[in-house]
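Listed below, chain by chain, are the residues.
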Amino acid sequence: MSYFLAPSLVKLRDEVNQKWPKRDKTSDGWIGDPSHAARKSDHNPDWAAPGSRRGVVRAVDIDRDGIRPFALLKRLKKDSRVYYIIFNGHIYSRSTGFKKVKYSGANAHTTHLHVSILGTDFAENSVRPWLPTFVTVETRGARVDKALVLLEQALAIAKGGRRRKLARAVREAESIAVKQKRKQV
Ligand SMILES: [Zn+2]
């Protein structure tokens, strides 16, 4: 059996790569070098983990260049898989409610975010999304169109006095939609 990066962290790295395709990966990393192996580090494989989890590595380093590191940090602090994050001279740990605490370790982590996950089956193996999915321009356009169709239908159904109110709503929605679509171009 050999060591491996926890599937959840593989997923995190994939999502970061997708979101910031041109990012710098110079300071990326996951498996510990000999200096890591000499001390306790989440970059070392856990040979005591049970079953198929044996050899799992529970930490990943993500280069800060070409991404929005603080936005990523904010996201990570909310994720139930995360144990702690070290970045830019500070550590944010689950044990302190992810409060910003000065990091006293030798490496201030100015070039990358260090992300450690909890030593649980879920934290290691859950590949649910880490980052919010972003609505594409095409999807947004389609949604606007759908909303307009629904409004037109409502207008067709409405009777009497409500009809005028609804007509106004439709006109407003249309002008918003036009502005939205202009913005996209
Ligand atoms: Zn690290």
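Just so it is clear, the structure is predicted and the values come from calculations on it, not from any experiment.

Rules of the game
Residues numbered from 1 in each chain as written. Predicted model: local features only at pLDDT ≥ 70, side-chain atom pairs only at ≥ 80, totals over all residues. Domains from an automatic or database assignment. Pairing = 2+ DSSP bridges. Helix = DSSP H or I, 4+ residues; strand = E, 2+ residues; numbered from the N terminus. Axes fitted to C-alpha atoms, helices over the stretch in contact; angles between N-to-C directions. Contact = placed C-beta atoms within 7 Å. Expected span 1.5 Å × (residues − 1). Buried ≥ 20, exposed ≤ 12 C-beta atoms within 10 Å, placed from the backbone. Arc of directions from axis to C-beta.

Undergrad: I would appreciate a short explanation of the domain arrangement of the protein chain in the present structure.
TA: Interfaces are often sized by the accessible area lost when the parts come together. Examined at the domain level, the protein chain breaks down into domain 1 (4-125) and domain 2 (137-184). The distance between the C-alpha centroids of domain 1 and domain 2 comes to 45 Å.

Undergrad: Is there a simple way to think about the sheet that holds strand 7 (residues 112-117) in this case?
TA: Sheets are built from strands that pair by backbone hydrogen bonding, the pairs being arranged parallel or antiparallel. Across the sheet, 5 strands lie side by side as 3-7-4-5-6; this open sheet has antiparallel pairing. Looking at strand neighbours, the two that pair on one side only are strand 3 (59-63) and strand 6 (100-102), the edges of this open sheet. The sheet shows a mean angle of 25° between the axes of neighbouring strands, taken without regard to direction. Relative to strand 6, strand 5 (residues 90-93) runs antiparallel, the two sharing 3 bridges. In the strand pairing of strand 6, Y92 is matched with K100. Its contacts with the sheet place helix 1 (residues 7-19) against strand 3 and strand 7, and it is angled at close to 10° to strand 3. Packing of helix 3 (residues 69-77) onto the sheet brings it into contact with strand 4 (82-87), strand 5 and strand 7, and relative to strand 4 it is tilted by some 160°.

Undergrad: How do you make sense of helix 1 when you look at a structure like this?
TA: One turn of an α-helix holds 3.6 residues; hence residues three or four places apart share an orientation. An ideal rise of 1.5 Å per residue puts 18 Å on 13 residues; helix 1 measures up with 18 Å between its terminal C-alpha atoms. Buried residues of helix 1: S8, L9, L12 and V16, and no others. The buried residues of helix 1 all sit within an arc of 95° when viewed along its axis, so they share a single face. Turned more than 90 degrees away from the buried face of helix 1 sit D14 and Q18, all of them exposed. Next to the buried residues of helix 1 lie strand 1 (4-5), strand 3, strand 7 and helix 4 (121-125).

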